[in-house]
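Given next are the chains, with one letter for each unit.
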Amino acid sequence: MGLLLLLTSTLLSSYFYPGRAVNADRSFVITKVTLSIEPSTDVAQDTNVTLRCQATIASSGEHVLSREYTIYKDGNVVYTKTSSTSEDLLYPLPEARVSNTGKYMCKINIKGEEETSGAKKLTVTGLSKPGLHMNSTVVSEGEEVTATCTAPGETGSFFFYFYKDSKEILDKRVNSNQAEAKFRFNSAGSHQIHCSYTVLIPPDSYKSEESVAIKVSVKELPIAAVLKIVPQNNIYEGDRLDISCTVSNFMYRSERVHLYLRQGTKLLSSSGDTKINHSMVALAKDPGEFECGVKIGSIVKVDNKAVSVIELFSVPTLTMSPAEVFQKENMTLTCKSENYASERLGRQELTYTLDPPDSFLIPKDTGVFFGKPRPYEFNYTCVAQARGIMKHSRTLTVRAKLSVSAPKISVVGRAIQGRPSKILCQSDTGSLPINYTLLMDDEQLSTISVKLRFQKALFTVTITKPGDVNKYTCEAKNNHRAAPRSRRLNATVIEPLRDPTVTVIPNLPDISEGDHLILICGVKGSPPVNFTWFLVGKEVPLYNTPSDRNNTSYQIPISSKEHSGAYYCEAANQANVVRSEPVIIEVRLALWKKALIGGFCLLMVSLLVVVCVLRFRSKRVKVDRAAVSVWSKRPPEGDNDEESSVVSNEPDVEYTEVVHPRPVDPARIPLRKGTDTVYSELQNSPHDAADHHDYGSVEYAELSGEQPEINHHHPEVNSYQDLPVPVD
């Protein structure tokens, strides 16, 4: 039962206090831990700061639980304390410094259950002014001094900086609030020394103000370097200079003495002794500045002198005439010194030579050389010499040019009449730059200068007539000579197609089945031409053929009227595509088909007439013996009993036309065109067909659409009164 209550209490505690630590024996719950910074999170230096860690704990007992507090700064433990009271933990930061800046958290631990507060950032501003101390403020040249810079009251990691006459001379990184530096003064006079520091609080740094400057007096040592040069004035090239470098007022010191002599950047001599002697030939090209120096420890003493050397003769210059030389042409190289010291040197004493000696040029006069250039690039140098002094001119590079060859003229792509065309003018050989000029009948049209290898002289022209193409020529020029000219332009001018027409053979009204239809498509323009035939309504072309002429034919064997339709052709050359107007072809029936149909129609009409006649005969009216029909029957003759017994008793029927003698009622007769005929049956005697009587006249009633008419035909002999009387 007790275990059940414990589990229930644990579940309820987890439900009502989610995320909070709950002890298994239900004796306490850490409900909240907070951290506060007093008096503020942003303070100035030297402010007394207190971090307060406060925990709210719910407990079932009366006794106070023992708890462990831990303070973190930037994730690192800075303070830990165990307390048996319920009072808040206070962590003091007396006289807070910049190094105390950071993020703080508080954690509490009771019987293994922990809870941590949120982070709070403390920012401390302001650094103490650095202090500077010198072990001596009056020293001699080269004497070492010690400077100490401090950051009073500051903690953390530091960078200290030392300055002499406002220039930084040293920096040191230390983990304490002071740094020491040693240095020497190598120049006499008064110097100012000060320092500063920087506190490192990653990822930031905080720099202090500068310390008070301390004045240091440096006394000059009596030793000195002495430089002497003989002669001092009127020095000419080739004169000898005697130079001495010594140390004066030298007093023995423990440091090693180093003496040196230099001219410009060239070291002439050096020694560990106190004197140097040097002799040399004066040259105008060399620097005139000399320096004698002595180094004792860190002390350096120097003496500088400058001498002016008069040029015996100037550096020669090498020139070429003409300025542009072509292969296989003569050239002249001239070497000359423009100036020389006439008071010391005669003009005839100067000699000139070419370097290299195997230049294949012949000397013509002093400093003048004549000959043909090399076919390839060649470097020449002139050497002037007098009294042992030799001077070289600047290198002259001779590139013998190649005269331009006669250009070739051609059309780029196609030349189409009436459209812009490109004409190329190009020489196979010739040195750049080359000027190409396009001419038409000796008249200059335009000029293009080609200066790079990949450039081309392309001229744009519009040819209006095919014959104009042969009027174009071009010239190429890269020297003073006459410009060579190309041949006349030889190219085919493509005339655009126009005026397409379609001719039909045979004539349109005479086209019938069985004929051979010939379609001829013709255009005006330049061949070759590609002809294509089309039938309106069909996407696929009927026929395609190339032709070297301006026309072509297409033959169609006509077998049926299916070949009827609208035909047209398309013609294409390298300039354009044109289309003709459609020609409508109507195929008529063949002549034999027409005759066959006519004959068939006649046959059908004949058959129809025969059928109608037979039909009409089958409908004859029988002649009634009593009323309408008139017939007679011969009595049997005794002589023909045998024959009578064989012959059928059926009477022979003979049809004849009888007009009934009835009054004509125009109202009852329908209006019809033509004539209505009434037929009656007459029975003939079967005994003697030849022995018959004439039964009278036949009347025809002709009914027309307007008024019925009665036509009477009167036979010459018989009449109605002559009809025989029927015999019973």
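Throughout, a residue's number is its position along its own chain's written sequence, starting from 1. Whole-chain, interface and lining totals are the exception, using all residues; otherwise, since this is a predicted model, local features are given only for residues with pLDDT of at least 70 and side-chain atom pairs are given and counted only at 80 or more. Heavy atoms from the whole structure form the basis of all side-chain values; hydrogens and water molecules are not counted.

**Student:** Can you explain the nonpolar core? Please cite residues and give values.
**Tutor:** In globular proteins that are soluble, nonpolar side chains generally tend to be buried together. Counting 25 residues, the largest nonpolar core has M134, F160, F162, F183 and F185 as its most contacted members. Numbered from the N terminus, helices here are DSSP runs of H or I no shorter than four residues, and strands are runs of E no shorter than two. At the level of elements, β10 (131-134), β12 (144-150), β13 (157-164), β15 (178-184), β16 (189-201) and β18 (214-219) are the ones that each hand at least two residues to this core. For this core, the element with the most residues is β16, which contributes five residues. Any pair of residues with heavy atoms lying within 4.5 Å of one another is described as a contacting pair. With residues near it in sequence (within four places) discarded, F162 still touches L132, A147, C149, K167, E168, I169, L170, A179, E180, A181, H194 and C195. Side-chain atoms within 4.5 Å are what join buried Ala, Val, Leu, Ile, Met, Phe, Trp, Tyr and Cys residues into a set we call a nonpolar core. Between buried and exposed lies partly exposed: a residue is buried under 20% and exposed over 50% of the maximum accessible area for its type, with that area taken using a 1.4 Å probe on protein chains only.

**Student:** Go over the sheet that holds β15 with me, naming the residues and quoting the values.
**Tutor:** Sheet architecture is open: three strands sit in the order β10-β12-β15, paired in antiparallel fashion. At either margin of the open sheet sits one strand with a lone partner, and together these are β10 and β15. Neighbouring strand axes in the sheet, compared pairwise and without regard to direction, differ in orientation by 20° on average. DSSP bridges decide pairing: two strands pair if at least two such bridges lie between them. Lines fitted to the C-alpha atoms define the axes, with helices restricted to the stretch that makes contact. Angles between their N-to-C directions range from 0 to 180 degrees.

**Student:** Requested: an account of the pattern of salt bridges, with residues and values cited.
**Tutor:** In what follows, salt bridge is the name for a side-chain nitrogen of Lys or Arg lying within 4 Å of a carboxyl oxygen of Asp or Glu. Counted by the stated rule, this structure contains 24 salt bridges. Taking the shortest distance from any N to any O, the salt bridge between R97 and D46 comes out at 2.9 Å. A residue pair is termed long-range when its members are at least 10 positions apart, and R97 in the loop between β6 (89-93) and β7 (102-110) and D46 in the loop between β2 (42-44) and β3 (49-59) qualify at 51 residues. The exposure class of R97 is buried, given its relative accessible area of 11%. Among the salt bridges present, the one from R387 reaches E349, with a minimum N-O distance of 3.5 Å. Of the two residues, R387 is situated in the loop between β33 (378-386) and β34 (389-392) and E349 in the loop between β29 (331-336) and β30 (351-355); the sequence distance between them amounts to 38 residues. Classification of R387 as exposed rests on a relative accessible area of 52%. Look at E349 and you get partly exposed, because its relative accessible area is 35%.

**Student:** I'd like to hear about empty space enclosed by the protein, residue by residue, with values.
**Tutor:** In this analysis a 1.4 Å probe is tested at points of a 1 Å grid over the protein atoms alone, and where it fits but cannot get out there is a cavity; an open set with protein on both sides within 12 Å along at least five of seven lines is a pocket; lining residues have an atom within 4 Å of a point. Grid points are joined across faces, edges and corners, and a volume is the space filled by probe spheres set on the points. Applying the stated criterion to the full structure yields one cavity of 30 Å³ or more. Size it by volume and the largest cavity reaches roughly 40 Å³. What lines the largest cavity is L241, Q263, M280, V281, A282, L283, D286, P287, F290, V307 and V309. As a working rule, the residues Ala, Val, Leu, Ile, Met, Phe, Trp, Tyr, Cys and Pro are called nonpolar, Asp, Glu, Lys and Arg charged, and the rest polar, with Gly in that last group. Classifying every residue of the lining of the largest cavity gives nine nonpolar, one polar and one charged.

**Student:** Summarise the state of the cysteines; cite the residues concerned and give the values.
**Tutor:** The term disulfide refers to a covalent linkage connecting the sulfur atoms of a pair of cysteines. In this description, a disulfide is simply a cysteine sulfur pair whose atoms lie within 2.5 Å. Per the stated rule, a full pass over the model turns up six disulfides. Two residues, C335 and C382, share a disulfide whose sulfurs are 1.2 Å apart. Here the disulfide of C335 and C382 is left-handed, its torsion about the S-S bond being about -55°. One end of the pair, C335, is in strand β29; the other, C382, is in strand β33, and 47 residues separate them in sequence. An identical accessibility class is assigned to C335 and C382; each is buried.

**Student:** Go over the sheet that holds β6, please, and point to the residues and values.
**Tutor:** Adjacent strands of a sheet form backbone hydrogen bonds with each other and so pair up, either parallel or antiparallel. Judged by pairing direction, the sheet is antiparallel, and its three strands sit side by side in the order β1-β3-β6 without closing on themselves. Looking at the sheet topology across the chains shown, the edges are occupied by β1 (28-38) and β6. With direction set aside, neighbouring strand axes in the sheet form an average angle of 10°. Pairing geometry for β3 and β6, over five bridges, is antiparallel. Paired with V49 across the two strands is L93, which belongs to β6.

**Student:** Explain the environment of H516 residue by residue, including any values.
**Tutor:** With respect to the helices and strands, the residue H516 is situated in strand β45 (residues 516-524). On the accessibility criterion, H516 (45% relative accessible area) is partly exposed. Residues H516 and P506, 10 residues apart in the sequence, show an inter-C-alpha distance of 8.2 Å. Setting aside anything within four residues of it in sequence, one finds H516 in contact with I505, P506, Q555, I556 and P557.

**Student:** Go over the packing of aromatic side chains with me, naming the residues and quoting the values.
**Tutor:** The rule is short: rings of Phe, Tyr and Trp, with Trp giving its six-membered ring, pair when the centres are within 6.5 Å, and they are stacked under 30 degrees, edge-to-face over 60, tilted in between. The tally for this structure, following the rule as stated, stands at 10 aromatic pairs. Between F183 and F185, the aromatic rings sit 5.8 Å apart at their centres with planes inclined by 75°, giving edge-to-face as the arrangement. Of the aromatic side chains, those joined through ring pairs into one cluster are F158, F160 and Y197. Cation placement over rings: the criterion is NZ of Lys or CZ of Arg within 6 Å of the ring centroid and within 35° of the ring normal. The ring of F370 carries K364 above its face, with NZ or CZ at 4.9 Å from the centroid.

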